[in-house]
Every structure is written in C-alpha cells, then in structure tokens.
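Structure assessment
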Amino acid sequence: MKRGVIALLLLFAAGFVCAQTRGDTIIYIPMPIGGTATEQSYFKENFEMETMAAGYVTTENPSEADYVLKLEVKPNMVMYDDGTEEQAPPDEPQNILELRLLQAADDSEVVMFNFPFTEVEEMYEYNLYLLYQAMANVPLTKLTSQVDPDHWRNKWLYLRGSLDYNISNYQADVGDSNNWQSEDGEGKDALRPENARSTTPMIGATLGLEYQFLNWMSVEGDLKFVFGDPEEPTLVPTAGLDLKFPIKPSRHFMLEPYVGVDIPMFTGTTVKNVPTFVALGGGFQFGVKGGNMGAFFVDTEFMYTLGTVSTQTSYRKADWERWVLGFGIGYKLGFFNRNKDPE
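Note that the structure is predicted; figures quoted are calculated from it, not measured. (Residues numbered from 1 in each chain as written. Predicted model: local features only at pLDDT ≥ 70, side-chain atom pairs only at ≥ 80, totals over all residues. Heavy atoms only, no water.)

1. Details of empty space enclosed by the protein
Tallied over the entire structure, the rule returns one cavity of 30 Å³ or more. There is about 240 Å³ of room inside the largest cavity. Within the residue set of the lining of the largest cavity, elements represented by two or more residues are β9 (155–172), β11 (197–214), β12 (217–227), β13 (235–244), β15 (253–264), β17 (294–306) and β19 (316–337). The element best represented in the lining of the largest cavity is β19, accounting for five residues. In terms of residue class, the lining of the largest cavity is built from nine nonpolar, six polar and nine charged. (1 Å grid on protein atoms, 1.4 Å probe; cavity = no way out; pocket = protein on both sides within 12 Å on 5 of 7 lines; lining within 4 Å. Points joined across faces, edges and corners; volume = space filled by probe spheres on them. Helix = DSSP H or I, 4+ residues; strand = E, 2+ residues; numbered from the N terminus. Nonpolar A, V, L, I, M, F, W, Y, C, P; charged D, E, K, R; others polar.)

Below, the structure written as structure tokens:
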C-alpha cells in the first residue's frame, strides 16, 4: 500500500514537472553536512543521480547553478514539556534529513522540509519523491522563459533566414580592346565610360544553418539568392560558407565578425564560358536577443569574385570584375542548448 501511494505521488509530480522545461534548470548539490561520512556520500551521489534522471542538469560549479539543493542529516530529537531534549526512542526514526532549496542568485530560500529515517537503505524509495517535492516549488516562470538569459546565444544549431539588399557591381577593363569590343570589332559604343560599369541593386534572400562548436567560433553554410548580371537582372544563386567569431559582451546582444567564401552560379543567358567562380570576403553581424530561442540580426558583407565574368550579347562581349555589397535583416532560430565554455 505504501509503495502504491508513493508511486502515484511520483507519477503526479513527474507529470507536473515534465510540463515544464527541466533541461534548462541547473542544480548544484553540495556535500551534505551532519551524519556520518557514509550518509553524506550516499545522499550526495543518490540525489545527483535522481536529479539527472528527472531531467535536470547538475553542476559542480555553484556559479553556473540556478538552484542549490542543500542536504543536512540531523539526529531526531524529542522535546518534552519541561524543555529537555533527548534522542527519539528506538522504535521511532533516529535521524532527520533536512532539504533546503535555495535560489543561487541571491541565496533566498524557496522551500525547506524534513524527512525522518533510520538507515540510508530506507531512503532509496523516497529520494526521488523528495526531489520532486522540492522542485514542485520552483516558479513556473523560472522553468520556462527566465531560465538563463544566455541560452538564446548559446545553442548548438541556428536556422537563419533573412531578406537582403545586394549591390552587384561589375567593372569592365576598357583598356583591353580584346576584352571590350562591339560585335563588329570596332568597339566605339562599347568603350564609352557609361558602358564600362554595371551596378545592379536588387532585393535578395538568404537561408542558412550555423553550427556553434565553440563559445567563440561557429561555421555557417548559406544558400543566397542574389540578383545581378552586367547585362540583365537575372538570378545568381550562391552557395556560401562562413567562419564566424561570436563576441558576447552583453546578455542582450552579440557581435559576429566573419570571413567567408561564396560560389556564385550564374543563370543568365549572357554569361559565357563560365569557370568555377569563387568569391572571397567577409562581414559583420549584429544580433539582439529575440526570446530564449534566438536573435534578430542585421548583417553587412562584402564579397569579391576571383577571376572575371565573361558576357556576350548580340552587340558586344566583355570581361568584368565583380564585387557584391550586401545588407541583410532577419532572424536565426536556435536549437539544443550547449554548455558555455569557462569564461
């Protein structure tokens, strides 16, 4: 009967706590005080094991904890009417386990209660119940939206989406008539200064996946949709790979300078004899907290295409040097909290 009641209590407590975000709550359990060395080791190891089994995160560093669970073993003392105290009779529990749950930020007490026992073996079937009884007093807001203000920028993966404004600039080498001439070979109209440059500002978009493998370094793969062609406004899908260096000076924003490589894939009908274009450059991303899951950001980058882009129309052919200046605004959604590297 006793085991059945305890099982029901555990199921009820588990249902309540599982509805919350236990994986975002970090618990520090110091070595218990009082009792024998055997009792101290038993309660520390067992409560740490039960805490992890219940889905919480434990730490040996109190500065990382959200809550501290303090345990103390005391003798079970009986006070009589005349004010005297003595050990409880042999037919009653001889010890008291005191549990105190504290908020780590200010050491304020959330809950405190006692549980009687005589031998530690008796406690195997009660420890998980006692843990749930303590954690049921944690405010729901702590376990959901206010767990750790740094989780938004410490995820393993980020899915990025942005709208971009790209300025694609093409500059022709007008000094080389072999690379810049009209179809009849004379090149008179083609050599005019106004025909030697093509600048195409257009709206674009970027989808990407970022992997933050260190607290200060991440890698991001992108698929960019850039419009721009020296002869016609056509789509230039671009695959990009960036190495980023997150800087986190405040809990409310972070800075991410980066270097990168792009491979543009021209789809326009005027681009001829296309080699494997590679663009090198870098940029800077500024992100602000957008909830516990991610960040809103603005992004600026500059990419310079190695080699030349060759075009040919019905009236001229030319080789162009190309660079792209991009501005983006978007949101990146994070998945899977990661443990921060030691500061």
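2. Topic: the side chain of D222
Examined against the element boundaries, D222 turns out to sit in strand β12. Summary of buried charges: D222 has no salt-bridge partner, and the nearest side chain of opposite charge, R160, is 4.4 Å away. (Buried < 20%, exposed > 50% of the residue type's maximum accessible area, 1.4 Å probe, protein only. Lys, Arg positive; Asp, Glu negative; His and termini not counted. Salt bridge = Lys/Arg side-chain N within 4 Å of Asp/Glu carboxyl O.)

3. Looking at the pairing of β17
The sheet contact formed by strand β16 (residues 278–289) and β17 spans 12 bridges and is antiparallel. Residue G287 lies in a different strand from β17, and its bridge partner there is F297. (Pairing = 2+ DSSP bridges.)

4. Quick notes on the pattern of salt bridges
Working definition: two side chains of opposite charge can pair if their charged atoms are close together. All chains considered together, the criterion is met by 13 salt bridges. In this structure, the salt-bridge partner of E256 is K244, at a minimum N-O distance of 3.8 Å. With E256 in strand β15 and K244 in strand β13, the pair connects residues that are 12 residues apart, well separated along the chain. For K244, a relative accessible area of 1% translates into the label buried. The structure contains a network of salt bridges with shared partners spanning R160, E210, E220, K244, E256, D299 and K332.

5. Examining the confidence of the model for the chain
Looking at the chain, pLDDT values average 80 and 77% of them are 70 or higher. Low pLDDT, under 50, characterises residues 141–147; the predicted model gives this stretch 15 contacts beyond four residues in sequence or across chains. (pLDDT = per-residue confidence, 0-100. Contact = heavy atoms within 4.5 Å.)

6. Focus on a nonpolar patch on the surface
A contiguous nonpolar patch, built from W156, L159, L209, Y211, M293, L333, F335 and F336 and spanning about 740 Å² of accessible area, is present on the exposed surface. Mapped by element, the contributors of at least two residues to the nonpolar patch are β9, β11 and β19. The greatest single-element share of the nonpolar patch, amounting to three residues, is contributed by β19. Along the chain, Y211 turns up in strand β11. (Patch = residues over 30% accessible without salt bridge, like charges linked within 9 Å, V, L, I, M, F, W, Y side chains within 5 Å. Areas by Shrake-Rupley, 256 points an atom, 1.4 Å probe, with all protein chains shown as cover.)

7. A few points about the packing of aromatic side chains
Counting across every chain of the model gives 11 aromatic pairs. Taking the centre distance of 6.4 Å and the plane angle of 45° together, the rings of F43 and F47 count as tilted. Of this pair, F43 and F47 both sit in helix α2 (residues 37–53), separated by four residues, roughly a single helical turn. With centroids separated by 6.1 Å and ring planes inclined at 20°, the aromatic side chains of W156 and Y211 adopt a geometry described as stacked. Placement of the pair is W156 in strand β9 and Y211 in strand β11, with a sequence separation of 55 residues. Judged by its relative accessible area of 32%, W156 is partly exposed. Through pairs of rings, three or more aromatic residues link up here, namely Y42, F43, F47, F117 and Y124. Residue placement shows K332 over the ring face of Y158; its charged tip is 5.1 Å from the ring centre. Looking at R338, its charged tip hangs above the ring of W156, at a distance of 5.0 Å from the centre. (Phe/Tyr/Trp six-rings, centres within 6.5 Å; stacked < 30°, edge-to-face > 60°. Lys NZ or Arg CZ within 6 Å of the ring centre and 35° of its normal.)

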